[in-house]
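Structural characterization, general
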Amino acid sequence: MFSDLIVAYLFLGGTGAGCCLVASLLTFFADADELAWALARRLRSPQDAAWRRFFGAMHVAALCFLVLGGIALFADVGRPDRLLLMLFQPSPSYVAFGAWSLVACIAASLLCALLWGGVVSCSRRLLLAASALAGVASVATMVYTGLMLSDMRAVPLWNTPWLALLFVLSALSCGIALTLVASFASRSTDAFATTLANLAKVDAVVIAVEAVVGAFCLLSVWGMAGGASGPADGTAQAAAVSLQSLLAGPWAVLFWAGFVFVGLAVPFVQDVVIGRASRTAVASSRAAGRPLLVLGTAACVLAGGFLLRLLVVEVALHPLPAFIS
């Protein structure tokens, strides 16, 4: 239905936006007095290094994913004139909204990365304003892809409002996973161990809700396929073929073993373990198996997020002409 570049864009853009949203929200929970003093020193003192590494790494990671997602999207468009038409077409459309939200998210994430890196002097109020802007742009980017697909009524697999919510939840979970990776890469896990443990708890809840929403998506498509009575027209037949291909056909292994088991079940259990661990166990890089557990959780979530988008794109079908009455 779509090219591999669009699958890459859906994953990279959603994950980057999710990480940007997590970083923006955590900024509002940071201690106001400590943050104000750190910003007054432009985050240059040794005691401010943990702030700079933790939040800076999150926004840099988000920015990298967003830029790569933008490159994939623009590469799929192919020609500069098509890109300009997509950005500046006079009538509003999901495509134009998505392109502009991605551009806004990249710009806001870059600004936040500069502020947290101490490159630009700022006050706490300015940082919160930039974080709020990044959060709004992130939500718009996360919501856009699901809405775009669910509005395509000619494709029954996508024509369900549950799909948009599923994509948002997946992007948020992938954003948390990218946050965990960024914290290890920036060596800031010791200073923010409690925050990371709380994020693992949040991710467990998000994954549980994502599984429920995914089930509602499948039930919705099953209803469009005619339910127990079977398909009655080309649209219902397309829904039935997509569902069969996903659950018991050529894509079933990737769905059950990849997305459901590796992408949902395994990281849910791991998140519960991480969330219940003591602060010392989470923080210590010398704790046996702890880094592997946290990074393994992140890898499973990211793999599941990519497989979700791949499967949604690959099994989608237009109404089958042979069954159109």
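All of these numbers come straight from a predicted model, not from anything done at the bench.

Some details on the nonpolar core
In terms of nonpolar packing, the biggest core is built from 89 residues, with F55, M58, W158 and L163 touching the most fellow members. The greatest single-element share of this core, amounting to 13 residues, is contributed by helix 1 (residues 4–29). Ignoring any residue separated from it by four or fewer positions in sequence, one finds M58 in contact with C19, V22, A23, L26, T179 and A182.

Thoughts on the packing of aromatic side chains
For the structure shown, the criterion picks out 12 aromatic pairs. Measuring from centroid to centroid gives 6.1 Å for W51 and F55, while their planes differ by 15°, and the two rings are stacked. Of this pair, W51 and F55 both sit in helix 3 (residues 49–77), 4 residues apart, roughly one helical turn. Exposure remark for F55: the relative accessible area of 3% places this residue in the buried category. On the numbers, 6.3 Å between centres and 5° between planes, the contact of W51 with W116 is stacked. Within this pair, whereas W51 is found in helix 3, its partner W116 is found in helix 5 (residues 94–116), the two being separated by 65 residues in sequence. You'll find W51 and W116 in the same group, each marked buried. In textbook terms, an aromatic cluster arises when at least three aromatic residues are bridged by ring pairs, as seen for W51, F54, F55, W116 and F192. Across from the ring centre of F167, 5.1 Å away, lies the NZ or CZ of R309, which sits over that ring.

Points about unusual backbone geometry
Not every positive phi belongs to a glycine, and R42 is a case in point at roughly 55°. What makes R42 partly exposed here is its relative accessible area of 33%. With a phi close to 55°, R187 is a non-glycine residue in the positive phi region. Here R187 shows up in the loop between helix 7 (161–185) and helix 8 (193–224).

Regarding the side chain of S245
One can find S245 in helix 9 (residues 234–247). Residue classification places S245 among the buried positions, given a relative accessible area of 12%. Setting aside anything within four residues of it in sequence, one finds S245 in contact with P250, W251, A252 and V315.

Calculation rules
Residues numbered from 1 in each chain as written. Predicted model: local features only at pLDDT ≥ 70, side-chain atom pairs only at ≥ 80, totals over all residues. Heavy atoms only, no water. Core = buried A, V, L, I, M, F, W, Y, C linked by side-chain atoms within 4.5 Å. Buried < 20%, exposed > 50% of the residue type's maximum accessible area, 1.4 Å probe, protein only. Helix = DSSP H or I, 4+ residues; strand = E, 2+ residues; numbered from the N terminus. Contact = heavy atoms within 4.5 Å. Phe/Tyr/Trp six-rings, centres within 6.5 Å; stacked < 30°, edge-to-face > 60°. Lys NZ or Arg CZ within 6 Å of the ring centre and 35° of its normal.

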